[in-house]
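Each chain is listed here by its residues.
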Amino acid sequence: MVAIPDSAVGTNTTLPGLESTFADELGALTVPWRGADVADPRLLVFNDQLAASMRLDAAALRSGDGVAVLSGSATPAGAKPVAMAYAGHQFGGYVPLLGDGRALLLGELVNDDGRRVDLHLKGSGRTPFSRGGDGFAVVGPMLREYLVSEAMHALGIPTTRALSVVATGRQVLRGGAEPGAVLARVGSSHLRVGTFEYAVRQGAVLAPLADYAIARHYPELIDRPATGESSRYVAFFEAVVEAQASLVAQWMLTGFVHGVMNTDNTTISGETIDYGPCAFLDAFDPAAVFSSIDHGGRYAFGNQPAVLKWNLARLAETLLTLIDSTPDDAIAAVSAVLDTFDARYDAHWTAGMAAKLGVAGGPVDRTLVDDLLTLMTERGADWTGSFRALADELRGNPVPLDGLVPREHIGPWLQRWRGVVERQGRAAVQVADAMDCVNPVYIPRNHQLDAALRAATDGELAPFEKLLEVVTHPFDRRDEWSDYTTPAPRVFSETFQTFCGT
Ligand code: AMP
Ligand code: MG
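Residues numbered from 1 in each chain as written. Chains lettered and ligands numbered in written order. Predicted model: local features only at pLDDT ≥ 70, side-chain atom pairs only at ≥ 80, totals over all residues. Heavy atoms only, no water.

Chemist: Would you take a moment to explain the domain arrangement of the protein for this structure?
Modeler: The extent of an interface is frequently quoted as the accessible surface area lost upon association of the parts. In terms of domain boundaries, the protein breaks down into domain 1 (9-190) and domain 2 (194-349). With centres defined by C-alpha atoms, the gap from domain 1 to domain 2 works out at 23 Å. Listed as interface residues are 40 residues of domain 1 and, on the opposing side, 37 residues of domain 2. Taken over both partners, the interface formed by domain 1 and domain 2 buries close to 3,200 Å², and the fraction arising from carbon and sulfur atoms is 61%. In this structure, aspartate 118 engages arginine 216 in a salt bridge whose closest nitrogen and oxygen atoms are separated by 2.7 Å. Applying the counting criterion to the domain 1 and domain 2 interface returns 20 residue pairs in polar contact (both at pLDDT 80 or more). Mapped onto the side of domain 1 that touches domain 2, the elements with two or more residues apiece are helix H1 (21-25), strand S6 (88-90), strand S9 (116-122), helix H5 (139-154) and strand S12 (176-187). Here the side of domain 1 that touches domain 2 gets five residues from one element, more than from any other, and that element is H5. Class assignment for the residues of the side of domain 1 that touches domain 2 results in 18 nonpolar, 13 polar and nine charged. (Domains from an automatic or database assignment. Contact = heavy atoms within 4.5 Å. Buried area = accessible area lost by both parts, 1.4 Å probe. Salt bridge = Lys/Arg side-chain N within 4 Å of Asp/Glu carboxyl O. Polar contact = N/O pair within 3.5 Å; in protein donor to acceptor, adjacent residues only side chain to side chain. Helix = DSSP H or I, 4+ residues; strand = E, 2+ residues; numbered from the N terminus. Nonpolar A, V, L, I, M, F, W, Y, C, P; charged D, E, K, R; others polar.)

Chemist: Explain the side chain of histidine 190 here, please?
Modeler: Within the fold, histidine 190 resides in the loop between S12 and helix H6 (193-202). Polar contacts involving the side chain of histidine 190 include one to the side chain of aspartate 118, which spans 2.9 Å. In this structure the side chain of histidine 190 is engaged in a polar contact, spanning 3.2 Å, whose partner is the side chain of arginine 185. Here histidine 190 is in contact with Met84, Asp118, His120, Arg185, Thr195 and Ile273, once residues within four sequence places are set aside.

Chemist: Can you help me understand the pairing of strand S11 (residues 161-174) in this one?
Modeler: For a regular strand, side chains alternate in direction, first toward one face of the sheet and then toward the other. Both strand S3 (residues 42-46) and S11 contribute to a ladder of four bridges, which runs antiparallel. Note that in S11 the partner of leucine 43 across the bridge is valine 166. Relative to S12, S11 runs antiparallel, the two sharing ten bridges. Along S12, the bridge assignment pairs arginine 161 with valine 186. (Pairing = 2+ DSSP bridges.)

Chemist: Please explain the packing of aromatic side chains as it appears in this structure.
Modeler: The geometry of an aromatic ring pair comes down to the distance between the two centres and the angle between the two planes. Across all of its chains, the model carries 16 aromatic pairs by this definition. Aromatic pair phenylalanine 284 and phenylalanine 301: ring centres 5.9 Å apart, planes at 90 degrees, arrangement edge-to-face. With phenylalanine 284 in the loop between strand S14 (279-280) and helix H9 (304-323) and phenylalanine 301 in the loop between S14 and H9, this residue pair connects regions lying 17 residues apart in the sequence. With respect to class, phenylalanine 284 is no different from phenylalanine 301; both count as buried. Centre to centre, the rings of tryptophan 383 and phenylalanine 387 are 4.8 Å apart; their planes meet at 75 degrees, and the pair counts as edge-to-face. Of this pair, tryptophan 383 and phenylalanine 387 both sit in helix H13 (residues 383-394), four residues apart, roughly one helical turn. Classification of tryptophan 383 as buried rests on a relative accessible area of 1%. With relative accessibility at 1%, the residue phenylalanine 387 sits in the buried group. Three or more aromatic residues joined by ring pairs form one cluster here, namely Trp251, Phe256, Tyr275 and Phe280. Here the basic side chain of arginine 298 rests over the ring of tryptophan 310, its NZ or CZ set 4.8 Å away from the ring centre. (Phe/Tyr/Trp six-rings, centres within 6.5 Å; stacked < 30°, edge-to-face > 60°. Buried < 20%, exposed > 50% of the residue type's maximum accessible area, 1.4 Å probe, protein only. Lys NZ or Arg CZ within 6 Å of the ring centre and 35° of its normal.)

Below is the structure:
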(Lines give C-alpha, C1' and ligand atoms only; values in the text may rest on other atoms or scores of the structure.)
(Ligands and ions follow the chains in the order given, each with its own letter.)
Protein backbone atom coordinates (compact mmCIF):
# COMPACT_ATOMS: atom_id res chain seq x y z
CA MET A 1 0.00 0.00 0.00
CA VAL A 2 1.15 3.52 -0.85
CA ALA A 3 1.78 5.80 2.15
CA ILE A 4 -0.41 8.86 2.61
CA PRO A 5 1.47 11.70 0.88
CA ASP A 6 3.00 13.92 3.55
CA SER A 7 3.26 16.76 1.07
CA ALA A 8 -0.37 17.60 1.69
CA VAL A 9 -0.77 20.49 4.07
CA GLY A 10 -3.65 21.74 6.13
CA THR A 11 -5.10 25.12 5.36
CA ASN A 12 -7.04 27.84 7.06
CA THR A 13 -9.75 27.45 4.47
CA THR A 14 -12.78 25.80 5.94
CA LEU A 15 -15.74 24.53 4.00
CA PRO A 16 -18.50 25.36 6.47
CA GLY A 17 -21.01 22.56 6.75
CA LEU A 18 -18.69 19.91 5.30
CA GLU A 19 -19.66 16.48 6.65
CA SER A 20 -18.33 12.96 6.15
CA THR A 21 -21.27 10.62 6.62
CA PHE A 22 -19.99 8.17 4.02
CA ALA A 23 -16.50 7.95 5.53
CA ASP A 24 -17.94 7.80 9.05
CA GLU A 25 -20.59 5.16 8.42
CA LEU A 26 -18.90 3.05 5.75
CA GLY A 27 -15.25 3.13 6.67
CA ALA A 28 -14.79 -0.35 5.20
CA LEU A 29 -15.36 1.19 1.76
CA THR A 30 -12.85 4.00 2.15
CA VAL A 31 -9.19 4.76 2.71
CA PRO A 32 -8.38 8.09 4.39
CA TRP A 33 -6.17 9.94 1.92
CA ARG A 34 -4.73 13.28 0.84
CA GLY A 35 -4.12 14.91 -2.52
CA ALA A 36 -0.68 15.32 -4.04
CA ASP A 37 1.24 18.54 -3.77
CA VAL A 38 0.54 21.11 -6.49
CA ALA A 39 3.37 23.47 -7.30
CA ASP A 40 1.64 26.05 -9.45
CA PRO A 41 -2.17 25.95 -9.14
CA ARG A 42 -4.22 28.16 -11.44
CA LEU A 43 -7.99 28.34 -11.40
CA LEU A 44 -9.22 27.85 -14.97
CA VAL A 45 -12.96 27.85 -14.44
CA PHE A 46 -15.25 28.19 -11.43
CA ASN A 47 -18.99 27.68 -11.16
CA ASP A 48 -20.36 30.54 -9.06
CA GLN A 49 -23.97 29.50 -9.42
CA LEU A 50 -23.26 25.97 -8.22
CA ALA A 51 -21.08 27.28 -5.38
CA ALA A 52 -23.94 29.50 -4.26
CA SER A 53 -26.39 26.58 -4.28
CA MET A 54 -23.97 24.72 -1.99
CA ARG A 55 -23.65 27.76 0.27
CA LEU A 56 -19.94 27.91 -0.48
CA ASP A 57 -18.00 31.15 -0.22
CA ALA A 58 -16.93 31.74 -3.81
CA ALA A 59 -14.47 34.51 -2.94
CA ALA A 60 -12.73 32.28 -0.38
CA LEU A 61 -12.52 29.41 -2.87
CA ARG A 62 -11.03 31.68 -5.53
CA SER A 63 -8.29 32.80 -3.11
CA GLY A 64 -4.91 31.09 -2.89
CA ASP A 65 -5.99 28.89 0.03
CA GLY A 66 -9.26 28.06 -1.69
CA VAL A 67 -7.59 27.08 -4.96
CA ALA A 68 -5.21 24.86 -2.96
CA VAL A 69 -8.28 23.03 -1.60
CA LEU A 70 -9.81 22.74 -5.08
CA SER A 71 -6.53 21.32 -6.39
CA GLY A 72 -6.38 18.70 -3.62
CA SER A 73 -3.04 19.92 -2.31
CA ALA A 74 -4.52 21.30 0.91
CA THR A 75 -7.15 19.75 3.11
CA PRO A 76 -9.83 22.06 4.45
CA ALA A 77 -9.87 22.32 8.22
CA GLY A 78 -11.91 19.47 9.73
CA ALA A 79 -12.27 17.54 6.46
CA LYS A 80 -11.71 13.78 6.25
CA PRO A 81 -10.93 13.12 2.60
CA VAL A 82 -11.08 9.49 1.47
CA ALA A 83 -10.52 7.41 -1.62
CA MET A 84 -13.59 5.22 -2.20
CA ALA A 85 -13.33 1.52 -2.97
CA TYR A 86 -15.42 -0.06 -5.71
CA ALA A 87 -15.29 -2.89 -8.19
CA GLY A 88 -16.84 -3.04 -11.63
CA HIS A 89 -17.59 -4.83 -14.85
CA GLN A 90 -15.49 -3.12 -17.52
CA PHE A 91 -16.58 -4.01 -21.05
CA GLY A 92 -18.30 -7.05 -19.56
CA GLY A 93 -15.30 -8.39 -17.62
CA TYR A 94 -15.29 -8.30 -13.83
CA VAL A 95 -12.54 -6.34 -12.06
CA PRO A 96 -12.76 -7.02 -8.30
CA LEU A 97 -10.98 -3.84 -7.21
CA LEU A 98 -11.04 -0.49 -8.99
CA GLY A 99 -11.73 2.39 -6.60
CA ASP A 100 -10.71 6.04 -6.75
CA GLY A 101 -7.33 5.69 -8.42
CA ARG A 102 -7.02 9.42 -8.99
CA ALA A 103 -9.89 10.89 -7.03
CA LEU A 104 -10.88 11.85 -3.51
CA LEU A 105 -14.18 12.35 -1.75
CA LEU A 106 -13.61 15.55 0.24
CA GLY A 107 -16.92 15.27 2.04
CA GLU A 108 -20.57 16.21 1.74
CA LEU A 109 -22.50 19.44 1.90
CA VAL A 110 -26.20 20.04 2.27
CA ASN A 111 -27.49 22.22 -0.58
CA ASP A 112 -29.85 25.15 -0.19
CA ASP A 113 -32.66 22.82 -1.27
CA GLY A 114 -31.83 20.43 1.58
CA ARG A 115 -30.20 17.77 -0.62
CA ARG A 116 -26.89 16.22 0.44
CA VAL A 117 -24.20 16.32 -2.24
CA ASP A 118 -20.66 14.97 -2.48
CA LEU A 119 -17.71 17.23 -3.14
CA HIS A 120 -15.19 15.15 -5.02
CA LEU A 121 -11.82 15.81 -6.66
CA LYS A 122 -10.62 14.08 -9.80
CA GLY A 123 -6.95 14.12 -10.80
CA SER A 124 -5.64 14.73 -7.26
CA GLY A 125 -2.81 12.17 -7.32
CA ARG A 126 -2.10 8.53 -6.65
CA THR A 127 -4.06 6.54 -4.08
CA PRO A 128 -3.92 2.90 -2.93
CA PHE A 129 -6.34 2.18 -5.82
CA SER A 130 -4.13 3.63 -8.58
CA ARG A 131 -2.88 0.29 -9.93
CA GLY A 132 -0.55 1.26 -12.81
CA GLY A 133 -1.96 4.77 -13.20
CA ASP A 134 -0.24 8.03 -12.27
CA GLY A 135 -3.23 9.39 -10.33
CA PHE A 136 -3.40 12.54 -12.43
CA ALA A 137 -5.74 14.08 -14.97
CA VAL A 138 -5.11 16.65 -17.69
CA VAL A 139 -6.66 19.95 -18.71
CA GLY A 140 -8.50 18.82 -21.88
CA PRO A 141 -10.49 15.93 -20.38
CA MET A 142 -11.27 17.78 -17.14
CA LEU A 143 -12.60 20.81 -19.02
CA ARG A 144 -14.51 18.36 -21.21
CA GLU A 145 -16.22 16.89 -18.16
CA TYR A 146 -16.86 20.39 -16.81
CA LEU A 147 -18.53 21.60 -19.99
CA VAL A 148 -20.49 18.48 -20.91
CA SER A 149 -21.81 17.88 -17.39
CA GLU A 150 -22.93 21.50 -17.14
CA ALA A 151 -24.53 21.24 -20.59
CA MET A 152 -26.37 18.10 -19.49
CA HIS A 153 -27.60 19.89 -16.38
CA ALA A 154 -28.85 22.79 -18.48
CA LEU A 155 -30.62 20.29 -20.74
CA GLY A 156 -32.46 19.00 -17.65
CA ILE A 157 -30.68 15.62 -17.65
CA PRO A 158 -29.67 14.27 -14.22
CA THR A 159 -25.89 14.50 -13.88
CA THR A 160 -22.99 15.16 -11.61
CA ARG A 161 -21.94 18.78 -11.90
CA ALA A 162 -18.69 20.69 -12.06
CA LEU A 163 -17.53 23.26 -9.53
CA SER A 164 -14.06 24.06 -10.85
CA VAL A 165 -11.04 23.03 -12.85
CA VAL A 166 -7.60 23.96 -11.53
CA ALA A 167 -4.48 23.61 -13.71
CA THR A 168 -1.71 22.18 -11.56
CA GLY A 169 1.35 23.29 -13.49
CA ARG A 170 2.44 19.66 -13.58
CA GLN A 171 3.34 18.06 -16.90
CA VAL A 172 1.51 14.75 -17.19
CA LEU A 173 2.51 12.13 -19.73
CA ARG A 174 -0.31 11.11 -22.09
CA GLY A 175 1.58 10.12 -25.21
CA GLY A 176 3.21 13.53 -25.09
CA ALA A 177 3.34 15.86 -22.08
CA GLU A 178 0.02 17.51 -21.24
CA PRO A 179 -0.83 20.13 -18.63
CA GLY A 180 -2.21 18.54 -15.45
CA ALA A 181 -5.56 19.53 -13.93
CA VAL A 182 -7.94 18.71 -11.10
CA LEU A 183 -11.72 18.81 -11.46
CA ALA A 184 -13.94 19.47 -8.45
CA ARG A 185 -17.11 17.50 -9.05
CA VAL A 186 -20.43 17.62 -7.24
CA GLY A 187 -22.87 14.73 -7.26
CA SER A 188 -25.86 13.43 -5.32
CA SER A 189 -23.39 10.73 -4.29
CA HIS A 190 -20.62 8.64 -5.77
CA LEU A 191 -22.36 5.34 -5.07
CA ARG A 192 -22.10 3.15 -8.12
CA VAL A 193 -23.27 -0.31 -9.09
CA GLY A 194 -19.58 -1.11 -8.67
CA THR A 195 -19.70 -0.01 -5.03
CA PHE A 196 -22.27 -2.76 -4.40
CA GLU A 197 -20.24 -5.27 -6.41
CA TYR A 198 -17.29 -4.55 -4.15
CA ALA A 199 -19.33 -4.59 -0.92
CA VAL A 200 -21.09 -7.89 -1.60
CA ARG A 201 -17.72 -9.62 -1.70
CA GLN A 202 -16.70 -7.98 1.59
CA GLY A 203 -19.80 -9.33 3.32
CA ALA A 204 -20.56 -7.33 6.44
CA VAL A 205 -20.62 -3.90 4.82
CA LEU A 206 -23.29 -4.77 2.25
CA ALA A 207 -26.39 -4.18 4.40
CA PRO A 208 -25.05 -0.90 5.86
CA LEU A 209 -24.19 0.26 2.33
CA ALA A 210 -27.66 -0.59 1.03
CA ASP A 211 -29.31 1.19 3.97
CA TYR A 212 -27.04 4.21 3.52
CA ALA A 213 -27.96 4.35 -0.18
CA ILE A 214 -31.66 4.06 0.65
CA ALA A 215 -31.51 6.74 3.34
CA ARG A 216 -29.64 9.07 1.03
CA HIS A 217 -31.45 8.57 -2.26
CA TYR A 218 -34.77 6.91 -1.57
CA PRO A 219 -35.52 7.84 2.07
CA GLU A 220 -39.21 7.06 1.72
CA LEU A 221 -38.26 3.35 1.68
CA ILE A 222 -36.10 3.21 4.78
CA ASP A 223 -38.79 2.11 7.24
CA ARG A 224 -39.83 -0.90 5.22
CA PRO A 225 -38.84 -4.40 6.36
CA ALA A 226 -35.70 -5.98 4.91
CA THR A 227 -37.41 -9.09 3.62
CA GLY A 228 -40.85 -10.22 2.52
CA GLU A 229 -43.43 -8.75 0.17
CA SER A 230 -42.52 -5.11 0.75
CA SER A 231 -38.75 -5.58 1.18
CA ARG A 232 -36.98 -2.23 1.15
CA TYR A 233 -34.16 -3.79 -0.85
CA VAL A 234 -36.49 -4.88 -3.64
CA ALA A 235 -38.11 -1.44 -3.56
CA PHE A 236 -34.63 0.14 -3.64
CA PHE A 237 -33.73 -1.91 -6.69
CA GLU A 238 -36.97 -0.84 -8.34
CA ALA A 239 -36.20 2.82 -7.59
CA VAL A 240 -32.76 2.52 -9.19
CA VAL A 241 -34.24 0.73 -12.21
CA GLU A 242 -36.76 3.55 -12.61
CA ALA A 243 -34.17 6.32 -12.20
CA GLN A 244 -31.79 4.72 -14.67
CA ALA A 245 -34.52 3.87 -17.21
CA SER A 246 -35.53 7.52 -17.17
CA LEU A 247 -31.92 8.66 -17.46
CA VAL A 248 -30.98 6.49 -20.42
CA ALA A 249 -34.20 7.53 -22.20
CA GLN A 250 -33.07 11.14 -21.84
CA TRP A 251 -29.66 10.28 -23.28
CA MET A 252 -31.35 8.61 -26.24
CA LEU A 253 -33.64 11.59 -26.83
CA THR A 254 -30.71 14.00 -26.79
CA GLY A 255 -28.31 11.93 -28.89
CA PHE A 256 -25.85 11.51 -26.04
CA VAL A 257 -23.35 8.65 -26.22
CA HIS A 258 -21.78 7.98 -22.82
CA GLY A 259 -19.04 5.83 -24.27
CA VAL A 260 -17.93 3.82 -21.22
CA MET A 261 -20.98 2.41 -19.48
CA ASN A 262 -19.08 0.10 -17.17
CA THR A 263 -20.86 -0.76 -13.92
CA ASP A 264 -18.45 1.48 -12.01
CA ASN A 265 -19.77 4.36 -14.11
CA THR A 266 -23.45 3.58 -13.40
CA THR A 267 -24.80 5.49 -10.42
CA ILE A 268 -27.33 4.53 -7.77
CA SER A 269 -28.74 8.08 -7.84
CA GLY A 270 -29.64 7.94 -11.54
CA GLU A 271 -27.19 10.72 -12.41
CA THR A 272 -24.89 10.62 -15.42
CA ILE A 273 -21.30 10.25 -14.25
CA ASP A 274 -17.84 10.19 -15.86
CA TYR A 275 -17.58 12.08 -19.11
CA GLY A 276 -14.42 10.48 -20.48
CA PRO A 277 -15.14 9.34 -24.03
CA CYS A 278 -18.67 10.76 -24.36
CA ALA A 279 -19.97 12.49 -27.50
CA PHE A 280 -23.16 13.81 -29.07
CA LEU A 281 -24.68 12.56 -32.30
CA ASP A 282 -25.05 14.86 -35.24
CA ALA A 283 -26.99 12.48 -37.53
CA PHE A 284 -29.18 9.87 -35.84
CA ASP A 285 -27.25 6.60 -35.96
CA PRO A 286 -27.86 3.68 -33.59
CA ALA A 287 -24.46 2.20 -34.50
CA ALA A 288 -22.51 5.36 -33.59
CA VAL A 289 -19.39 4.66 -31.53
CA PHE A 290 -16.82 7.35 -30.76
CA SER A 291 -14.60 5.80 -28.11
CA SER A 292 -11.18 4.70 -29.32
CA ILE A 293 -11.25 1.63 -27.04
CA ASP A 294 -14.80 0.41 -27.80
CA HIS A 295 -13.74 -1.92 -30.60
CA GLY A 296 -16.79 -4.16 -30.46
CA GLY A 297 -19.28 -1.31 -30.24
CA ARG A 298 -20.56 -2.57 -26.88
CA TYR A 299 -21.39 1.01 -25.87
CA ALA A 300 -22.72 2.18 -29.25
CA PHE A 301 -25.51 4.78 -29.10
CA GLY A 302 -28.30 2.31 -29.82
CA ASN A 303 -27.02 -0.27 -27.32
CA GLN A 304 -27.24 2.02 -24.32
CA PRO A 305 -30.64 0.90 -22.97
CA ALA A 306 -29.69 -2.79 -23.24
CA VAL A 307 -26.32 -2.19 -21.58
CA LEU A 308 -27.97 -0.27 -18.78
CA LYS A 309 -30.32 -3.18 -18.17
CA TRP A 310 -27.32 -5.52 -18.08
CA ASN A 311 -25.66 -3.25 -15.50
CA LEU A 312 -28.83 -3.25 -13.41
CA ALA A 313 -28.79 -7.06 -13.46
CA ARG A 314 -25.32 -6.86 -11.91
CA LEU A 315 -26.76 -4.62 -9.17
CA ALA A 316 -29.62 -7.08 -8.62
CA GLU A 317 -27.15 -9.91 -8.03
CA THR A 318 -25.51 -8.00 -5.19
CA LEU A 319 -28.83 -7.58 -3.33
CA LEU A 320 -29.99 -11.20 -3.33
CA THR A 321 -28.75 -12.19 0.12
CA LEU A 322 -30.39 -9.14 1.66
CA ILE A 323 -33.76 -9.92 0.13
CA ASP A 324 -34.37 -13.55 0.95
CA SER A 325 -32.39 -16.43 2.43
CA THR A 326 -33.87 -18.70 -0.25
CA PRO A 327 -31.88 -17.78 -3.38
CA ASP A 328 -34.66 -18.74 -5.80
CA ASP A 329 -37.11 -16.44 -4.04
CA ALA A 330 -34.67 -13.55 -4.04
CA ILE A 331 -33.93 -14.11 -7.72
CA ALA A 332 -37.65 -14.20 -8.53
CA ALA A 333 -38.19 -10.91 -6.69
CA VAL A 334 -35.43 -8.96 -8.48
CA SER A 335 -36.14 -10.59 -11.83
CA ALA A 336 -39.74 -9.40 -11.67
CA VAL A 337 -38.43 -5.86 -11.20
CA LEU A 338 -35.73 -6.12 -13.86
CA ASP A 339 -38.37 -7.36 -16.30
CA THR A 340 -40.09 -3.99 -15.98
CA PHE A 341 -37.05 -2.13 -17.34
CA ASP A 342 -38.03 -2.33 -21.02
CA ALA A 343 -41.54 -1.02 -20.42
CA ARG A 344 -40.28 1.76 -18.16
CA TYR A 345 -37.63 2.80 -20.68
CA ASP A 346 -40.13 2.68 -23.50
CA ALA A 347 -42.65 4.80 -21.60
CA HIS A 348 -40.02 7.48 -20.87
CA TRP A 349 -38.66 7.47 -24.39
CA THR A 350 -42.06 7.53 -26.08
CA ALA A 351 -43.30 10.34 -23.86
CA GLY A 352 -40.12 12.26 -24.60
CA MET A 353 -40.47 11.78 -28.35
CA ALA A 354 -44.11 12.87 -28.20
CA ALA A 355 -43.03 16.08 -26.47
CA LYS A 356 -40.25 16.63 -29.02
CA LEU A 357 -42.86 16.30 -31.80
CA GLY A 358 -45.44 18.51 -30.12
CA VAL A 359 -47.95 15.69 -29.73
CA ALA A 360 -47.66 15.09 -26.01
CA GLY A 361 -51.39 15.30 -25.34
CA GLY A 362 -52.54 11.78 -26.09
CA PRO A 363 -51.33 8.34 -27.10
CA VAL A 364 -48.54 8.54 -29.68
CA ASP A 365 -48.72 6.91 -33.07
CA ARG A 366 -45.60 4.77 -32.91
CA THR A 367 -45.31 4.40 -36.67
CA LEU A 368 -45.17 8.19 -37.00
CA VAL A 369 -42.13 8.22 -34.72
CA ASP A 370 -40.50 5.16 -36.29
CA ASP A 371 -40.99 6.52 -39.81
CA LEU A 372 -39.31 9.78 -38.83
CA LEU A 373 -36.34 7.89 -37.42
CA THR A 374 -36.05 5.90 -40.64
CA LEU A 375 -36.18 9.08 -42.72
CA MET A 376 -33.59 10.80 -40.57
CA THR A 377 -31.28 7.79 -40.63
CA GLU A 378 -31.55 7.53 -44.42
CA ARG A 379 -30.83 11.21 -44.97
CA GLY A 380 -28.28 11.64 -42.17
CA ALA A 381 -30.27 14.67 -41.03
CA ASP A 382 -28.97 16.49 -37.98
CA TRP A 383 -30.83 15.16 -34.93
CA THR A 384 -30.80 18.31 -32.81
CA GLY A 385 -31.48 20.71 -35.66
CA SER A 386 -34.36 18.70 -37.10
CA PHE A 387 -36.70 19.12 -34.14
CA ARG A 388 -36.23 22.88 -34.03
CA ALA A 389 -36.77 22.94 -37.80
CA LEU A 390 -40.07 21.08 -37.36
CA ALA A 391 -41.24 23.74 -34.91
CA ASP A 392 -40.25 26.45 -37.42
CA GLU A 393 -42.25 24.56 -40.03
CA LEU A 394 -45.33 24.94 -37.83
CA ARG A 395 -44.65 28.68 -37.63
CA GLY A 396 -44.73 28.84 -41.42
CA ASN A 397 -40.96 28.99 -41.92
CA PRO A 398 -39.85 26.11 -44.17
CA VAL A 399 -36.23 27.30 -44.58
CA PRO A 400 -34.57 25.42 -41.69
CA LEU A 401 -36.12 22.07 -42.62
CA ASP A 402 -35.29 22.58 -46.30
CA GLY A 403 -31.68 22.90 -45.25
CA LEU A 404 -31.79 19.49 -43.57
CA VAL A 405 -34.02 17.12 -45.58
CA PRO A 406 -35.25 17.38 -49.19
CA ARG A 407 -38.95 18.21 -49.17
CA GLU A 408 -39.86 15.45 -51.61
CA HIS A 409 -38.37 13.02 -49.12
CA ILE A 410 -40.06 14.23 -45.93
CA GLY A 411 -43.24 15.70 -47.49
CA PRO A 412 -45.62 12.74 -46.94
CA TRP A 413 -44.43 12.30 -43.36
CA LEU A 414 -44.85 16.03 -42.70
CA GLN A 415 -48.45 15.86 -43.83
CA ARG A 416 -49.20 13.02 -41.45
CA TRP A 417 -47.49 14.79 -38.58
CA ARG A 418 -49.28 18.08 -39.28
CA GLY A 419 -52.55 16.17 -39.30
CA VAL A 420 -51.85 14.76 -35.83
CA VAL A 421 -50.81 18.18 -34.53
CA GLU A 422 -53.92 19.86 -35.95
CA ARG A 423 -56.26 17.25 -34.50
CA GLN A 424 -55.04 18.26 -31.03
CA GLY A 425 -56.88 21.55 -31.54
CA ARG A 426 -54.06 23.78 -30.28
CA ALA A 427 -52.75 26.72 -32.29
CA ALA A 428 -49.71 25.72 -34.36
CA VAL A 429 -47.61 28.50 -32.86
CA GLN A 430 -48.41 27.30 -29.36
CA VAL A 431 -47.35 23.78 -30.28
CA ALA A 432 -44.15 25.12 -31.81
CA ASP A 433 -43.36 27.06 -28.63
CA ALA A 434 -43.93 23.95 -26.49
CA MET A 435 -41.58 21.99 -28.77
CA ASP A 436 -38.89 24.63 -28.38
CA CYS A 437 -39.00 24.14 -24.62
CA VAL A 438 -37.86 20.51 -24.93
CA ASN A 439 -35.77 20.59 -28.11
CA PRO A 440 -32.37 22.24 -27.60
CA VAL A 441 -30.83 24.53 -30.17
CA TYR A 442 -27.34 24.06 -28.76
CA ILE A 443 -25.55 20.90 -27.70
CA PRO A 444 -21.79 20.54 -27.29
CA ARG A 445 -20.93 19.78 -30.91
CA ASN A 446 -18.01 17.38 -31.06
CA HIS A 447 -15.88 19.48 -33.41
CA GLN A 448 -16.43 22.68 -31.47
CA LEU A 449 -15.71 21.07 -28.13
CA ASP A 450 -12.61 19.45 -29.57
CA ALA A 451 -11.34 22.79 -30.91
CA ALA A 452 -12.11 24.58 -27.63
CA LEU A 453 -10.27 21.94 -25.59
CA ARG A 454 -7.24 22.07 -27.88
CA ALA A 455 -7.09 25.84 -27.50
CA ALA A 456 -7.51 25.59 -23.72
CA THR A 457 -4.70 23.03 -23.53
CA ASP A 458 -2.54 25.61 -25.32
CA GLY A 459 -3.55 28.25 -22.77
CA GLU A 460 -6.28 30.02 -24.74
CA LEU A 461 -9.51 29.75 -22.71
CA ALA A 462 -11.80 32.12 -24.64
CA PRO A 463 -13.31 29.53 -27.04
CA PHE A 464 -14.05 27.22 -24.09
CA GLU A 465 -15.71 30.02 -22.13
CA LYS A 466 -17.82 30.99 -25.11
CA LEU A 467 -18.90 27.42 -25.82
CA LEU A 468 -19.71 26.91 -22.14
CA GLU A 469 -21.96 29.96 -22.19
CA VAL A 470 -23.77 28.72 -25.29
CA VAL A 471 -24.34 25.11 -24.18
CA THR A 472 -25.53 26.15 -20.73
CA HIS A 473 -28.35 28.08 -22.49
CA PRO A 474 -29.42 25.24 -24.76
CA PHE A 475 -32.96 26.41 -25.46
CA ASP A 476 -32.40 30.18 -26.02
CA ARG A 477 -31.86 30.74 -29.71
CA ARG A 478 -29.68 33.79 -30.31
CA ASP A 479 -28.66 35.17 -33.71
CA GLU A 480 -25.07 35.73 -32.63
CA TRP A 481 -24.73 32.05 -31.72
CA SER A 482 -25.70 30.69 -35.14
CA ASP A 483 -22.25 29.11 -35.62
CA TYR A 484 -22.99 26.73 -32.75
CA THR A 485 -25.87 24.95 -34.47
CA THR A 486 -23.97 23.33 -37.30
CA PRO A 487 -22.99 19.66 -37.29
CA ALA A 488 -19.35 18.76 -37.71
CA PRO A 489 -17.88 18.89 -41.21
CA ARG A 490 -17.55 15.45 -42.76
CA VAL A 491 -13.74 15.52 -42.65
CA PHE A 492 -13.98 15.89 -38.90
CA SER A 493 -16.66 13.26 -38.20
CA GLU A 494 -15.01 10.63 -40.37
CA THR A 495 -11.99 10.47 -38.09
CA PHE A 496 -13.33 11.79 -34.77
CA GLN A 497 -12.54 9.57 -31.79
CA THR A 498 -12.84 10.11 -28.06
CA PHE A 499 -10.57 8.83 -25.33
CA CYS A 500 -11.02 7.81 -21.71
CA GLY A 501 -9.67 10.67 -19.65
CA THR A 502 -6.68 8.72 -18.42
P1 AMP B 1 -12.70 5.80 -15.55
O2 AMP B 1 -12.44 5.20 -16.89
O3 AMP B 1 -12.29 7.25 -15.43
O4 AMP B 1 -14.09 5.56 -15.08
O5 AMP B 1 -11.71 5.05 -14.53
C6 AMP B 1 -11.74 3.66 -14.33
C7 AMP B 1 -10.79 3.30 -13.21
O8 AMP B 1 -9.45 3.63 -13.56
C9 AMP B 1 -11.06 3.97 -11.88
O10 AMP B 1 -10.71 3.08 -10.87
C11 AMP B 1 -10.11 5.14 -11.92
O12 AMP B 1 -9.80 5.63 -10.64
C13 AMP B 1 -8.90 4.52 -12.58
N14 AMP B 1 -8.05 5.51 -13.24
C15 AMP B 1 -8.33 6.19 -14.37
N16 AMP B 1 -7.30 7.00 -14.69
C17 AMP B 1 -6.34 6.85 -13.75
C18 AMP B 1 -5.05 7.41 -13.53
N19 AMP B 1 -4.51 8.30 -14.36
N20 AMP B 1 -4.37 7.00 -12.43
C21 AMP B 1 -4.89 6.09 -11.59
N22 AMP B 1 -6.10 5.52 -11.75
C23 AMP B 1 -6.83 5.89 -12.82
MG1 MG C 1 -15.25 6.00 -13.61
